[in-house]
Amino acid sequence: MAVLAALSFGGTSAQAQTLEGALARAYQGNPNLNAQRAQVRATDEQVPQALSGYRPTISAAVDAGFQRDRTKGVNSSFEQTPAGLAPVRERYNLIENSYPRGAGVTVEQNVFNGFQTKNSVRRAESNILGARETLRNSEQNILFDAAQAYMDVLRDYAILDVRKNNVQVLEEELRAARERFQVGEVTRTDTAQAEAALQGARSEVSASEAQLNTSRATYRQVVGEDIARPRAAKSIDRLLPKSLSQAIGLSQAQHPAILAALHGVDAANLDIRVVEGNLLPSLNLQASFQRRYDPGSSINHTTSGSIVGQLTIPIYEGGTVYSQARQAKETAGQRRLEADVSRDQVRQAVVSAWGQVEATTAQIKSAQAQIEASQTALNGVREEAKVGQRTTLDVLNAQQDLLNARQSLITAQRDRVVATYALLSSVGWLTAERLGLQVARYDPNVHYDQVRDKWIGLRTPDGR
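The shown structure was predicted, so the numbers you read here are calculated from the model rather than taken from an experiment.

Caption draft 1: Region of interest: the pattern of salt bridges. Under the counting rule described, the total for this entry stands at 23 salt bridges. In this structure, the salt-bridge partner of Arg292 is Asp63, at a minimum N-O distance of 2.9 Å. Of the two residues, Arg292 sits in strand S7 (residues 282-293) while Asp63 sits in strand S2 (residues 57-64), which places them 229 residues apart along the sequence. Note on Arg292: relative accessible area 22%, which makes it partly exposed. Here Asp63 falls in the partly exposed class, since its relative accessible area comes to 34%. Of the charged contacts, one joins Arg452 and Asp453 as a salt bridge, the two residues approaching to 3.2 Å between their closest N and O atoms. Under the relative-accessibility criterion, Arg452 is labelled partly exposed at 24%. The network of salt bridges with common partners includes Asp152, Arg155, Asp156, Arg414 and Asp415.

Below, the structure is given as structure tokens:
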């Protein structure tokens, strides 16, 4: 089912765009969405950071210096003289320079740290899963914003066409009123009423053009490029759940906002275990090798090596860890409450969107019936005006009723399409894959696999 196609009185541009194309471009180029993808990639780095707890730390130290030793003293001795032995005292000043230097390597490996590393890795993985669900929710929001912006432009083009057509009709009404005034069939009041209606219609055209420009600007902000004359949108009713109860059940099981909140609960619970691990003993092994050079001494150089195991048993650390554990438990409770809030919010969104779809469907039927009745009434009033049974004002009022009915139908059709996308989003199905968009899908697993077991390197996988 094409939407708004029947109510477009203008020609379609050769560069007309489709709703599917707009969604694909928003999926690829929206800066907010790309920023969220970068956030997920940054979150991926939490896992290799946590895994570093399993890996050794290696450090090297090198030192070199200059040392000067100066010794002053007096040497005492005896010398044979004709008179016998005589003491002799000789002063001396001894200076000795040396260049001590050395190098060493130390390797330290944690053996046990109260399961902190294990729980830190699991917490990081939960954070990554939550970030992915947040990304999926952002994708849904961007796609919905793009669909809404596209339909706003399509609606505004259709309303502009209707109002331009109304101006043409009123110009003909004014011409006919003037001809009838010249032959004395109507009064000056009738021509003035037709003139006022025409000027009002022209004012509405100007207002429609301004609204269209605003909608086009919003579209560019969301999608990232200007839009030409849009084509009629295709219905996505085939993708919608079959009943409200099914929609609610699906949303509670798979909506990304709920899943992200649940992963947040898991991460908070694991944070408690990480903090409590500080109260358990820790065991580390340290191996070191060192060589020193001290020229000038009787020993030219020394070489030493050692392997040391150190067991640390915490007894009391001032209460910091206990406070941190209590704080982590309160945070976990907060995350559980936030998950409940997310469930309620998603359920409300589903019920609201479902109601909007049903309401706009009824509005479309009513507006279509109103158009048919208004067109019949307008035709009758015109015929009656020709024989003097109706005034020009009656014709103008009937014309305005028809215009209002057409605008109501356009708005209802736009609202229904937006409501279907809102329903799809509230269930968690507003994705590029489900919509069948012709676009390269972003896979967060690619970056995760590239960095998870990365031991060294400053560049990101994309070369930065």
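On we go from here.
Caption draft 2: Region of the structure containing the side chain of Arg55. Tracing the backbone shows Arg55 in the loop between helix H3 (46-51) and S2. Buried and unpaired, Arg55 has no salt bridge, with Asp453 as the nearest side chain of opposite charge at 4.6 Å. Excluding its chain neighbours within four sequence positions, the residues that come into contact with Arg55 are Pro48, Gln109, Arg452, Asp453, Lys454 and Trp455.

Caption draft 3: Local environment of the packing of aromatic side chains. Tallied over the entire structure, the rule returns 3 aromatic pairs. Here the aromatic rings of Phe66 and Tyr99 are separated by 5.4 Å at their centres, their planes lie at 50 degrees, and the arrangement is tilted. Note that Phe66 is positioned in the loop between S2 and strand S3 (67-81) and Tyr99 in the loop between strand S4 (84-98) and strand S5 (101-112), a separation of 33 residues in sequence. Between Tyr150 and Tyr219, the ring centres sit 6.5 Å apart and the planes meet at 55 degrees, which makes this aromatic pair tilted. One end of the pair, Tyr150, is in helix H4 (residues 116-182); the other, Tyr219, is in helix H5 (residues 188-223), with 69 residues separating them in the sequence. Tyr219 shares its class with Tyr150; the two are buried. The positively charged end of Arg132 is found above the aromatic ring belonging to Tyr448, 5.4 Å away from the centroid. Stacked on the ring of Trp429, the Lys or Arg Arg434 has its end atom at 3.7 Å from the ring centre.

Parameters and conventions
Residue numbers here run from 1 along each chain, matching the order of that chain's written sequence. Selection of residues for local features in this predicted model requires a pLDDT of at least 70, selection of side-chain atom pairs for listing and counting requires 80 or more, and totals for whole chains, interfaces and linings are taken over all residues. Remark: hydrogens and water are excluded; side-chain values derive from all non-hydrogen atoms of the structure. Should a side-chain nitrogen of Lys or Arg be within 4 Å of a carboxyl oxygen of Asp or Glu, the pair is scored as a salt bridge. Every helix listed is a DSSP run of H or I at least four residues long, and every strand listed is a run of E at least two residues long, numbered separately from the N terminus. Partly exposed describes any residue whose relative accessible area lies between the buried limit of under 20% and the exposed limit of over 50%, with all areas from a 1.4 Å probe on protein chains only and scaled to the type maximum. Residues counted as positive are Lys and Arg, residues counted as negative are Asp and Glu, and His and the chain ends are not counted. In what follows, a contact means two residues having at least one pair of non-hydrogen atoms within 4.5 Å. Two aromatic rings from Phe, Tyr or Trp, using only the six-membered ring of Trp, form a pair when their centres are within 6.5 Å; if the ring planes differ by under 30 degrees the pair is stacked, by over 60 it is edge-to-face, and anything between is tilted. In this analysis the charged atom, NZ for Lys or CZ for Arg, is taken to sit over a ring once it is within 6 Å of the ring centre and within 35 degrees of the ring normal.

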